[in-house]
Amino acid sequence: MIDILQFVPLRPEVQRELEARYRVHGKDRLDEVAGIVRGVVTNGHSGPPPEIIDRLPKLEVICSASVGYDGIPVEYARSKGIPVTNTPDVLNDDVADLAIALMIMTARRLVASDRYVRTGKWPAGGEYPLASRASGKTVGILGMGRIGKEIGKRAEAMNNKVAYHSRRKVADVTYDYYPDLVELAKASDFLIVIIPATPQTEKIVSKAVIEALGPGGILVNVARGAVVDEDALVQALVDGKLGGAGLDVFVKEPQVPEVLFGMDNVVLQPHVGSATHETRRAMSQLVLDNLDAQFAGKPLLTPIL
Ligand code: 8YV
């Protein structure tokens, strides 16, 4: 049997299949099995780092249960002739749904109003304060890839005007393209962030972008914490220079700036973009399918190119 080093578990029904087909070892057995493992199962945050890759002389493939791969040294692996696969497309709907949910929940203050009811404040407090519409507005999308396009469809279905910024104009969308992110933020009521975390995108949502979105604007981040200047975001919210934020990702997960906890114009989620039974199963299955393809000598299904 082929030996696999597993950094993160797959969904139980797929994990059983993985263990039926391969000899699976946990990270804790790295020292004993480093010389024999031919595949690694991981996710976008868990490596393996270059120094671990160097300890695996027989490694042929790294399969990640994630669409993002900022936690995997893809170029380094590639330089060693080791392809990396991820799990695109199967999670597009979940992440797009969450982005729109965060947009609506933040604009309409739904988490705070829910808390108002649950804590028994309604009877004495009377009508909950008015909030803001999440439709009929301008939704700016940073990143027009497969998930960004799904977000655009949903935003348009809510009678919003959609505009976007990406490195270059995308051929198969008709939304207004803004080559300058600050200008997009100025023109938007909502700015939804769905770009990969790379050295080039680190803190791309800068203080200037946040303040251009302004006191009437809401930032939604379903990408990675690293693509936003989190200190500037927090300060803008504290100073009232940003209208609100719906955040599923943070720089130092699972640590979240505690000053955000008391803000009714902020919605916080624990990185649940793809966290449904259906999607995580599909991601796990795609990991297994890529492993099987590799060791059957067939083309990988979703290699990172
Ligand atoms: C998962 C994600 O949180 O796909 C990604 O890039 O961030 C999420 O789908 C994570 O990778 C766990 O599998």
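It should be noted that the structure appears before, not after, this text.
Residues numbered from 1 in each chain as written. Predicted model: local features only at pLDDT ≥ 70, side-chain atom pairs only at ≥ 80, totals over all residues. Heavy atoms only, no water.

Asker: Describe the packing of helix 1 (residues 12-21) against helix 12 (residues 277-295), with residues and values.
Answerer: Packing of helix 1 against helix 12 brings their axes to within 9 Å, and their N-to-C directions diverge by 15°. In terms of axis orientation, helix 1 runs roughly parallel to helix 12. In the packing of helix 1 onto helix 12, the handedness of the crossing is left-handed. Facing helix 1, whose interface residues are Glu13, Val14, Glu17, Leu18 and Arg21, helix 12 presents Arg281, Ser284, Gln285, Leu288, Leu291 and Asp292. Split by residue class, the contact of helix 1 with helix 12 holds four nonpolar, two polar and five charged. (Axes fitted to C-alpha atoms, helices over the stretch in contact; angles between N-to-C directions. Helix = DSSP H or I, 4+ residues; strand = E, 2+ residues; numbered from the N terminus. Parallel < 35°, antiparallel > 145°, perpendicular 65-115°, else oblique. Left-handed = near helix turned anticlockwise from the far one by under 90°. Contact = heavy atoms within 4.5 Å. Nonpolar A, V, L, I, M, F, W, Y, C, P; charged D, E, K, R; others polar.)

Asker: Any details on the packing of aromatic side chains? Residues and values, ideally.
Answerer: Tallying each qualifying case throughout the model produces three aromatic pairs. For the pair Tyr22 and Phe295, a centre-to-centre distance of 5.9 Å together with 55° between the ring planes defines the contact as tilted. Here Phe295 lies in helix 12 and Tyr22 lies in the loop between helix 1 and strand 2 (23-26), a separation of 273 residues in the sequence. This pair shows no difference in class: Tyr22 is buried, exactly as Phe295 is. Judged by centre distance (5.1 Å) and plane angle (45°), the rings of Tyr164 and Tyr177 are tilted. Taken together, the positions of Tyr164 in strand 7 (residues 161-165) and Tyr177 in strand 8 (residues 176-177) put the pair 13 residues apart, joining distant regions of the chain. (Phe/Tyr/Trp six-rings, centres within 6.5 Å; stacked < 30°, edge-to-face > 60°. Buried < 20%, exposed > 50% of the residue type's maximum accessible area, 1.4 Å probe, protein only.)

Asker: I'd like a description of the sheet that holds strand 7, backed by residues and values.
Answerer: Pairing is parallel across the open sheet formed by seven strands, whose spatial order is 8-7-6-9-10-11-12. Pairing within the sheet leaves two strands with one partner each, and these edge strands are strand 8 and strand 12 (266-268). Here helix 11 (residues 230-238) sits on the sheet in contact with strand 10 (218-221), strand 11 (244-247) and strand 12, set at roughly 140° to strand 11. (Pairing = 2+ DSSP bridges.)

Asker: Lay out the site of the ligand with the relevant residues and their values.
Answerer: Around the ligand, the surrounding shell holds 13 residues, and the nearest of these are Val67, Gly68, Arg224, His271 and Ser274. Note that an oxygen atom of the ligand is positioned 2.8 Å from one of the backbone N or O atoms of Ala65. Here an oxygen atom of the ligand and a backbone polar atom of Val67 are 2.8 Å apart. Within the complex, 88% of the 320 Å² of free accessible area of the ligand lies under protein. Its residues placed into classes, the shell around the ligand shows four nonpolar, seven polar and two charged. (Near = heavy atom within 4 Å. Polar contact = N/O pair within 3.5 Å; in protein donor to acceptor, adjacent residues only side chain to side chain. Areas by Shrake-Rupley, 256 points an atom, 1.4 Å probe, with all protein chains shown as cover.)

Asker: How would you sum up the pattern of salt bridges? Please name residues and give values.
Answerer: Following the criterion strictly, the structure yields 20 salt bridges and no others. Glu75 is paired through a salt bridge with Arg78; the nearest N and O atoms lie 2.5 Å apart. Highlighted residues: Glu75 and Arg78, both in helix 4 (residues 74-79), separated by three residues, approximately one helical turn. For Arg78, a relative accessible area of 33% gives the class partly exposed. Across the pair Arg154 and Asp97 runs a salt bridge whose closest N-O atoms are separated by 2.6 Å. Placement of the pair is Arg154 in helix 8 (residues 146-157) and Asp97 in helix 5 (residues 92-107), with a sequence separation of 57 residues. Ionic contacts of the salt-bridge type, sharing partners, join the residues Asp93, Asp97, Glu150, Lys153 and Arg154 into one network. (Salt bridge = Lys/Arg side-chain N within 4 Å of Asp/Glu carboxyl O.)

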